[in-house]
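Structural overview
What follows is the residue order along each chain.
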Amino acid sequence: MMNTTSQNQAYGVLLSSNTVNARGDNNAFQLQPLPYTQDALAPYISERTIQFHYGKHLAGYIENTNKQKAGTEFENKTIEEIMLHAGGSLFNNAAQVYNHYFQFEALQPHRENEAAPCERMMEAIRKEFGGFDEFKAQFTQAAVTLFGSGYAWLTVSPQEKKLEIIQTHNAENPLKDGKIPLLNLDVWEHAYYLDVQNLRAKYVENFWKIVNWNAVEQRWKKAV
Ligand SMILES: [Fe+2]
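Quick look at the structure, then.

Thresholds applied
Sequence positions are assigned chain by chain, starting from 1 and proceeding in written order. Note on the predicted model: pLDDT of at least 70 is required for a residue's local features to be given, and 80 or more for side-chain atom pairs to be given and counted; whole-chain, interface and lining totals, by contrast, use all residues. Following DSSP output, two strands are said to pair if at least two bridges run between them. Where helices and strands are cited, they refer to DSSP runs of H or I of at least four residues and of E of at least two residues respectively, numbered from the N terminus. Only the contacting stretch of a helix is used when fitting its axis, a line to C-alpha atoms as for every element, and angles between N-to-C directions run 0 to 180 degrees. The term nonpolar core refers to a group of buried residues, namely Ala, Val, Leu, Ile, Met, Phe, Trp, Tyr and Cys, whose C-beta atoms join them within 7 Å. In this scheme the burial state of a residue depends on its C-beta neighbours within 10 Å: 20 or more other such atoms mean buried, 12 or fewer mean exposed, and anything in between means partly exposed; the C-beta positions come from the backbone. Residue ranges labeled as domains rest on an automatic or database domain assignment. In this description, any two residues whose backbone-derived C-beta atoms lie within 7 Å of each other are considered to be in contact.

**Focus on the sheet that holds strand β2 (residues 163-169)**
Read across the open sheet, the three strands follow the order β2-β1-β3; overall the sheet is antiparallel. Each having just a single partner strand, β2 and β3 (180-186) make up the two edges of the open sheet. When the angles between neighbouring strand axes are averaged without regard to direction, this sheet yields 25°. Across seven bridges, strand β1 (residues 150-156) lies against β2 in antiparallel orientation. Bridge pairing in β2 links Y151 to T168.

**Comments concerning the nonpolar core**
With 52 residues, the main nonpolar core has I79, A94, V97, Y98, A152 and L182 as its most contacted residues. Of all the secondary-structure elements, those providing two or more residues to this core are α3 (47-69), α4 (79-85), α5 (88-104), α7 (132-145), β1, β3, α9 (200-207) and α10 (213-223). It is α5 that contributes the most residues to this core, eight residues altogether. Composition of this core by domain shows at least three residues from each of domain 1 (46-104) and domain 2 (113-223). Excluding residues within four positions of it along the chain, A152 makes contact with F139, A142, A143, L146, I165, Q167, N184, L185 and V187.

Honestly, that's just the spatial picture; any functional story needs more than this.
Below is the structure:
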């Protein structure tokens, strides 16, 4: 049996993993509530965007995962196990379930005094990127320059505990490359087009107002 650290390395540090892997009838995953109301992130992310992004897109990925895993070797597997071991459309849908829950649980209503991580993680960010503003600039650059659909991520490597900013395309997740995700930003157009149309940079600027750094720090502590 794996210890907690190696489990975190294998399956990542989605804090709500137990909740999002709960099953209902027919062993099906069920859309879980957000940790805030659908209008709570406004004006940075509108209620209407959440209604679609959470209520339609994430719900759709869950529905497709359930349909496609039924009757297969993945029937009883967790979202993380499906993401790491399935291919094709089942991978795409399960990874999108993970990626969306991962982003939504690390957002919160804007709080002026919580716009940065606490001191211990801040120290690690300073060490790797030279400063918090430098980190945000590099992450923003990764989000803005990603061509097409995908995600910007802050990850940590399991052995060296090295922080890194990476881009992935479509539904891909850094866990598949052995990196533990700490923070992600969905730059699929469905994430921002209702609010800011083609202005992805504005969406990223808004994102920094509503990152739940406490959640990110909890993930980092689990990972390292
Ligand atoms: Fe999305």
